[in-house]
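Architecture at a glance
What follows is the residue order along each chain.
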Amino acid sequence: MALEDFRADAMRCTRCTYCRWIPFDLVKSERFAKGCPSIEAGQFHAYTAGGRLVTALSLMDGRSTVTEKVKDSVFKCTLCGQCDVSCKMCRYDMEPLAAMRELRFHLVEKGHTLPQLEPVLESLRTEFNMLQKPADERGDWAKKLKVKDLTKEKAEVVFHAGCRYSFDGDLSHVARLSVRILQEAGVDVGILGEAEHCCGGRAYGMGYKIDLMHSADHNLRTWKAAGVKTVVTPCAECFHTFKRLYAAEAGSAVEVVHMVQFVDRLVKEGKLRFTKAVPMTVTYHDPCHLGRQGEDHVPWDGVEKKIFGQAVAYDPPRPRYSGAFGVYEPPRDVLKAIPGIRLVEMERNREAAWCCGAGGGSREAYPDFSRATANERMEEAAGTGAEAIVSACPWCERNFSDAVEGGAEPMKVLDVISLVGRALGIEQEA
Amino acid sequence: MKEISRDAYRAIEDIVGPEHVTDDPALLDSYAFQWLAELVRPNLSHYMPRPWAVVMPKSTEEVAAVTKVCNKYGVKVKPISTGWYHWAAPLKDDEPTVQFDMRRMNRILEIDEKNMVAVVETGVICAQLQAEVMKRGLNINIIGAGCSTSIVASASAYFGGGPSSYFLGSNSDNLLGQEWVTPAGDVIRTGSLSSGCGWFCGEGPGPSPRAITRGSLGTRGGLGVFTKCAVKLGPWEGPPVLEPKGKPPAYRLPIPESFRVYTVGTPSFEALANIYYEIYDNAIGYIFHRQFNLAGADLAAALWLTYLDPKGTMNDVETRSKDPEVGKISDEARVSFQIILQGRSTADIELQDRILDEIIRRTGCFKVERFCEQDFAEFTNMYLQRMGHKHCNFIWVGGYMGSWMQPGTPDFVKGYVKTAIDGFERDQKSGLLVECGGDAMMGCGSTLGGGGFFALEQFVSYDPNDDDSVRACIKHMEDAIEDCKKNGIPLGKEYLYLQIGWTDERIWNDLAKMPQQFVLNFQRKIKEALDPNGLGDRNYPWIPEGWGKEKPIVTAEAGKPGKSAAAR
Ligand code: SF4
Ligand code: SF4
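Residues numbered from 1 in each chain as written. Chains lettered and ligands numbered in written order. Predicted model: local features only at pLDDT ≥ 70, side-chain atom pairs only at ≥ 80, totals over all residues. Heavy atoms only, no water.

1. Here we look at helix α13 (residues 324-333) of chain B
Residue and element names in this part refer to chain B.
- Of the residues making up α13, those classed as buried are Val326, Ile329, Ser330 and Ala333. Down the axis of α13, the buried set is contained in an arc of 105°. They therefore lie on one face. Opposite the buried face of α13, by more than 90 degrees, sit the exposed residues Pro324, Lys328 and Asp331.
- The distance from a side-chain oxygen at the start of α13 to the backbone nitrogen of Glu325 is 2.8 Å, and the residue carrying that oxygen is Asp323. (Buried < 20%, exposed > 50% of the residue type's maximum accessible area, 1.4 Å probe, protein only. Helix = DSSP H or I, 4+ residues; strand = E, 2+ residues; numbered from the N terminus. Arc of directions from axis to C-beta. Polar contact = N/O pair within 3.5 Å; in protein donor to acceptor, adjacent residues only side chain to side chain.)

Have a look at this one:
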């Protein structure tokens, strides 16, 4: 794709600004009606999906050039995709999220990059992770585990911990618990340790498509060599990257399962029984990449066609990623199955969830914006009366924990798998 | 374009802070780019004139201070709230204009439950206020353009009618106190507010310039900036929080026991007028709207049944449109409308239901079965209570232009429907507009509180990404004007839309032919008094003294009131 491929989206944008809000039917209060973190920070219309479509058009037509302000408006966005859901409430011919990504690719290609991102990209290219850690420490989280090493052995399932669960000591127990649960369930699973590379999804969001391609190339080749048919990951970002981006950009056919989906399956099949009560009121935060962006990839190579004279359809029909079929219920069902847990919902949930603020390079490039976005979510979470905000993505959890440390609502921040570990009585082991 | 001193920009920065003003070309373009622009701009451009700067004030004081700077440096002022219309942008290329983006003034200031009044700033949208007032058993009228719109804008500066106007009144009716920064930078408070008595009444004690600030059509930002207003609230017997179910896009709102949601079919527009009168005379109904025909009577059933399916695509609409069973529903729903009854008790709703059944029987109308089934009725309930799907106006291809919509009694409206349908059918034959049938006429059941007065708007869909399609839409607008003239029908919305691209002189030439010239002359005097430097734009209609009585004189000064043609 090229920016020019989104000209029609831009020309057909009506500047309705639905992309600023959650779907209106779901608005329950004045306070939590807003859906777009970007415009809350940037204020001007250019900080919305619709605004970026106009920016793209304006640049393509030579009406304007890339200034610092333009760069700020293009990159200060978490790529959370809320705008995409709201736009598609009424439109079948718009792809605002894809267009915004393409605009980033375009800017990066033309050399309009953010210096703040250079260190993480350098880390990705040399150490194969986004946390600026040495590559050879990547497998340390699993040192004490007895698990197949897929650089030496074969297995049908690879457990991909992802950069943050691998290197973030506060969170890596989730990776260990996950492996333990998979093994208990009798899954033929292995890990790649140091040979596991970053999925590349975050670099893609930052505008560096080529880095995604390098990651995909390495990971897919490594999985193939190890006989892998399924990848299981507890990270929503990796999940989305493998499921949607590897499929779309690299033709991957590997089955992708998020750890909460796997646990949900086990619980529903009666293969996993929670024996310990976890008395706690929690609220669940839908990670953008598992929720509204977690829909299945549908291959499509088609063209626009006109029906009824001028209406737009596609030949063959174009898949519609509207957020309707994201992974929303499995994490909730797992939580509800844990004795003692009371699940309360935030106003903005499922396809309307407010972003944690970590995505799209925002955590790295715009820490203040990222923190403010997390604070907003913590305020909403606290309003439910829950004592913990639970999620299924280490990036969300890290951003929320940092927000709490920085003075946001003093809530516990937990992963669904941590609670599963408690309910199974194995949390301490991890 | 005349050069504006950088001192003006710096002065504005000093008032609002540098982060709240911009003159970056790309950022300005996101304001210049407007719906309908391509229908009126040279070369079918999607851009209205680029503002000289965009400013985001946080308070009335900031609006007034920036306006004073604009007066000092000769920069026009133009506010937008949610920013959806070509006339929300600057109108002329050669007039440096500061665009006020009002989204930072976004507070609900007060909900006075007892007196059923809410006070809001310009950036508050209908969905937000509705969600809050419903918690108190109250509701607001949401305008036909939907809940993404600013209440202040619809009440102070534009139409203000919507599906619930029938019961709750239109926002122009419901406008109480207002706070207004004139183009001269003066802050005016109207009605009871001006006497320090609060926001409860638009008519004093104190001045009641409601006719000046909004008139029948509103000033559309042409006479300064409205910063706050109060609107009347109405009763709401539904749940305090709307809890829709299902998946997007067609969420479904469960129908409370004390509500009924129907789509009623009629055999003809004559019958539609008759049933309207009967319903109105019997004073039943909470929402009265002709919604789903916006997709065109030929395709409405296929479209909305597809919309109900979260996996549905436009290709499915095409398939469905060929299904004879769907064809039957289309025929049934061809001349239909939606009605929602709200009861205060079981007895009340049952009575309303019986009355409606009797009216339906007497007028030879019927309930459209498929649209009254639970899934569709719940979707209808969601759509019309919240009005959160109005972007569906653009569902076919992103371009829609509403023609016709002349308001009047049902007998008057039924009188122009045939001309509107024939004209649209004729123009669709080009293949350059969406071919959805000649009747794509949508309209709220009332543009006046209590009903009895409504309008139908023809939904003309065109592809903004296809110049030929854009030209076909412009031609349709011109055709509609001619159709009106030929048939002695007042001009409709297409005329208002096209005017945005005209010169002042052309508009004045037309205005000079209209009856009641004294109104336009009176409005000139108002503009002279409130906008001495001509900072507001021509959305506030007026006419130079003597215009049309002698040869129109075209000069650059013509845009300023006080410099009459005669004087020059
Ligand atoms: S991107 Fe979609 S929702 Fe946003 S302004 Fe454009 S059409 Fe509207
Ligand atoms: S992706 Fe999220 S932050 Fe970015 S424009 Fe869309 S809603 Fe806003």
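Okay, back to it.
2. Examining the domain arrangement of chain A
Residue and element names in this part refer to chain A.
- You can read the domains of chain A as domain 1 (1-113) and domain 2 (116-269).
- Taken together, the contact between domain 1 and domain 2 spans seven residues of the former and eight residues of the latter.
- Contact with domain 2 buries area across many residues of domain 1, yet Arg101, Phe105 and Val108 alone supply 63% of it, more than any other trio.
- There are one residue pair in polar contact (both at pLDDT 80 or more) connecting domain 1 and domain 2.
- Per-element tally for the side of domain 1 that touches domain 2: the top contributor is helix α6 (residues 96-109), with four residues. (Domains from an automatic or database assignment. Contact = heavy atoms within 4.5 Å. Buried area = accessible area lost by both parts, 1.4 Å probe.)

3. Remarks on the sheet that holds strand β3 (residues 189-191) of chain A
All names here are of chain A.
- The strand order across the open sheet formed by five strands is β1-β3-β2-β4-β5, and the pairing between neighbours is parallel. Of all strands in the sheet, those bounded by a partner on one side alone are β1 (148-149) and β5 (255-258).
- The pairing of β1 with β3 spans two bridges and is parallel. Bridging from a neighbouring strand, Lys148 pairs with Gly190 of β3.
- Strands β2 (157-159), β3 and β4 (230-233) of the sheet are contacted by helix α9 (residues 172-184), whose axis makes an angle of about 160° with β2. (Pairing = 2+ DSSP bridges. Axes fitted to C-alpha atoms, helices over the stretch in contact; angles between N-to-C directions.)

4. Overview of the site of ligand 1
- Taken together, 13 residues lie around ligand 1, and Cys13(A), Cys16(A), Cys19(A), Cys87(A) and His391(B) are the ones closest in.
- By residue class, the composition of the shell around ligand 1 is seven nonpolar, four polar and two charged. (Near = heavy atom within 4 Å. Nonpolar A, V, L, I, M, F, W, Y, C, P; charged D, E, K, R; others polar.)

5. Focus on the domain arrangement of chain B
Residues and elements named next belong to chain B.
- Segmentation of chain B into domains returns domain 1 (6-104), domain 2 (108-235), domain 3 (243-390), domain 4 (396-489) and domain 5 (502-568).
- Every contact between the two is made by 11 residues of domain 1 and, on the other side, eight residues of domain 5.
- Interface of domain 1 and domain 5: buried area, both sides summed, is about 810 Å²; carbon and sulfur atoms make up 46% of it.
- Summed over the three residues of domain 1 that lose the most area to domain 5, namely Asn71, Lys76 and Leu91, the buried surface amounts to 54% of that side.
- Along the contact surface separating domain 1 from domain 5 lie two salt bridges.
- Among the ionic pairs, Asp537 bridges to Lys78, the shortest N-O distance being 2.6 Å.
- Applying the counting rule to domain 1 against domain 5 returns seven residue pairs in polar contact (both at pLDDT 80 or more).
- Of all the secondary structure elements, the ones that give two or more residues to the side of domain 1 that touches domain 5 are α4 (60-73) and β3 (76-80).
- Partitioning the side of domain 1 that touches domain 5 into residue classes produces six nonpolar, two polar and three charged. (Salt bridge = Lys/Arg side-chain N within 4 Å of Asp/Glu carboxyl O.)

6. Some words on the interface of chain A and chain B
- Listed per partner, the contact involves 65 residues of chain A and 77 residues of chain B.
- For the pair chain A and chain B, the summed buried surface comes to about 6,200 Å²; carbon and sulfur atoms form 58% of the total.
- There are seven salt bridges connecting chain A and chain B.
- The interface formed by chain A and chain B contains 31 residue pairs in polar contact (both at pLDDT 80 or more).
- The class makeup of the residues in the side of chain A that touches chain B is 32 nonpolar, 14 polar and 19 charged.

7. Overview of the sheet that holds strand β17 (residues 441-444) of chain B
All names here are of chain B.
- The strand order β15-β12-β14-β13-β17-β18-β16 describes an open sheet built from seven strands, whose pairing is antiparallel. Looking at which strands have only one partner, the edges of the open sheet turn out to be β15 (366-367) and β16 (400-404).
- Where strand β12 (residues 259-265) meets strand β14 (residues 336-342), seven bridges bridge the pair, whose relative direction is antiparallel. Paired with Val261 across the strands is Ile340, a residue of β14.
- Against the sheet, helix α14 (residues 346-363) contacts β12, β14 and β15, and its axis sits at roughly 155° relative to β14.

8. Quick word on the pattern of salt bridges
- With the rule as written, the count across this model stands at 91 salt bridges over all chains.
- Here Asp170(A) makes a salt bridge to Arg398(A), at a shortest N to O gap of 2.7 Å. Here Arg398(A) lies in helix α17 (residues 394-405) and Asp170(A) lies in the loop between α8 (163-167) and α9, a separation of 228 residues in the sequence.
- As a salt-bridge pair, Lys243(A) and Asp296(A) come within 2.6 Å of each other at their nearest N and O atoms. Of the two residues, Lys243(A) is situated in helix α12 (residues 236-250) and Asp296(A) in the loop between β6 (280-284) and β7 (303-307); the sequence distance between them amounts to 53 residues.
- Three or more residues are tied together by salt bridges with common partners; here these are Arg31(A), Lys34(A), Glu40(A), Arg348(A), Glu376(A), Arg377(A), Glu379(A), Glu380(A) and Arg103(B).

9. Observations concerning the environment of Ala11(B)
- As for its placement among the helices and strands, Ala11(B) is situated in helix α1 (residues 6-16).
- As a C-alpha pair, Ala11(B) and Ala420(B) span 409 residues in sequence and 51 Å in three-dimensional space.

10. Some details on the site of ligand 2
- Close to ligand 2 lie Cys36(A), Pro37(A), Ser38(A), Arg52(A), Cys77(A), Thr78(A), Leu79(A), Cys80(A), Gly81(A), Gln82(A), Cys83(A) and Met100(A).
- Listing elements by their share of the shell around ligand 2, those giving two or more residues are α2 (37-42) and α5 (82-87) of chain A.

11. Side note on the nonpolar core
- In terms of nonpolar packing, the biggest core is built from 133 residues, with Leu39(B), Leu129(B), Trp304(B) and Trp396(B) touching the most fellow members.
- Per-element accounting of this core gives the leading share, seven residues, to helix α11 (residues 300-307) of chain B. (Core = buried A, V, L, I, M, F, W, Y, C linked by side-chain atoms within 4.5 Å.)

12. Examining the confidence of the model for chain B
Residues and elements named next belong to chain B.
- Mean pLDDT over chain B works out to 92, with 96% of the residues at or above the 70 mark.
- In the predicted structure, residues 553-559 sits below a pLDDT of 50 and forms 15 contacts with residues beyond four places in sequence or in another chain.
- Between residues 562-568, whose pLDDT stays under 50, and residues either more than four places distant or in other chains, the model counts 14 contacts.
- Interface confidence for the predicted complex, given as ipTM, is 0.96, next to a pTM of 0.96. (pLDDT = per-residue confidence, 0-100.)

13. Focus: the side chain of Ser30(B)
- Looking at where Ser30(B) falls in the secondary structure, it is placed in helix α2 (residues 25-32).
- On the basis of relative accessible area, Ser30(B) is assigned to the buried category, the value being 0%.
- The contacts of Ser30(B), once residues within four sequence positions are left out, are Arg15(A), His45(A), Ala46(A), Gly51(A) and Val54(A).

14. Re the packing of helix α11 (residues 209-225) of chain A against α12(A)
Residues and elements named next belong to chain A.
- Remark: α11 packs on α12, axes separated minimally by 10 Å, with the N-to-C direction vectors making an angle of 100°. For the element pair α11 / α12, the angle class is roughly perpendicular. Only Thr241, Phe242, Leu245, Tyr246, Glu249 and Ala250 of α12 make contact with α11, whose side of the interface consists of Lys209, Leu212, Met213, Ser215, Ala216, Asn219, Leu220 and Trp223.
- Taken together, the residues of the contact of α11 with α12 sort by class into nine nonpolar, three polar and two charged. (Parallel < 35°, antiparallel > 145°, perpendicular 65-115°, else oblique.)

15. Considering unusual backbone geometry
- Here the residue pair Asp315(A) and Pro316(A) is connected by a cis peptide bond, since its omega of -10° sits within 30 degrees of zero.
- Looking at where Pro316(A) falls in the secondary structure, it is placed in the loop between β8 (311-315) and α14 (329-337).
- Residue Pro249(B) is bonded to the preceding Pro248(B) through a cis peptide linkage, with omega at 5°.
- By the secondary structure assignment, Pro249(B) is in the loop between β11 (234-235) and β12.
- At Thr17(A), a position not held by glycine, the phi torsion is positive, near 65°.
- Here Asn43(B), not a glycine, exhibits a phi torsion of approximately 60°, which is positive.
- With respect to the element layout, Asn43(B) can be found in the loop between α3 (37-40) and β2 (53-55).

16. Some remarks on the packing of aromatic side chains
All names here are of chain B.
- Considering all chains together, one arrives at 50 aromatic pairs over all chains under this definition.
- Both rings, one in Phe33 and one in Tyr47, keep their centres 5.7 Å apart while their planes meet at 75°; by these two values the pair is edge-to-face. Of the two residues, Phe33 is situated in the loop between α2 and α3 and Tyr47 in the loop between α3 and β2; the sequence distance between them amounts to 14 residues. Like Tyr47, Phe33 is buried. (Phe/Tyr/Trp six-rings, centres within 6.5 Å; stacked < 30°, edge-to-face > 60°.)

17. Remarks on the packing of helix α13 (residues 259-268) of chain A against α14(A)
Residues and elements named next belong to chain A.
- Running from N to C, α13 and α14 point in directions that differ by 50°, and their axes come no closer than 8 Å. It follows that α13 is oblique to α14 by the angle criterion. Viewed along their axes, α13 and α14 form a crossing whose handedness is left-handed. Note on element contacts: α14 touches α13 through Pro330, Pro331, Asp333, Val334 and Ala337, opposite Val260, Gln261, Val263, Asp264, Val267 and Lys268. (Left-handed = near helix turned anticlockwise from the far one by under 90°.)

18. Observations concerning the pairing of β14(B)
All names here are of chain B.
- Burial analysis of β14 places seven of its seven residues in the buried class, the great majority of the element.
- What you see with β14 is no split at all: Ser336, Gln338, Ile340 and Gln342 on one side and Phe337, Ile339 and Leu341 on the other are buried throughout.
- Where strand β13 (residues 287-290) meets β14, three bridges bridge the pair, whose relative direction is antiparallel. Considered in β14, the bridge of Phe288 is made with Ile339.

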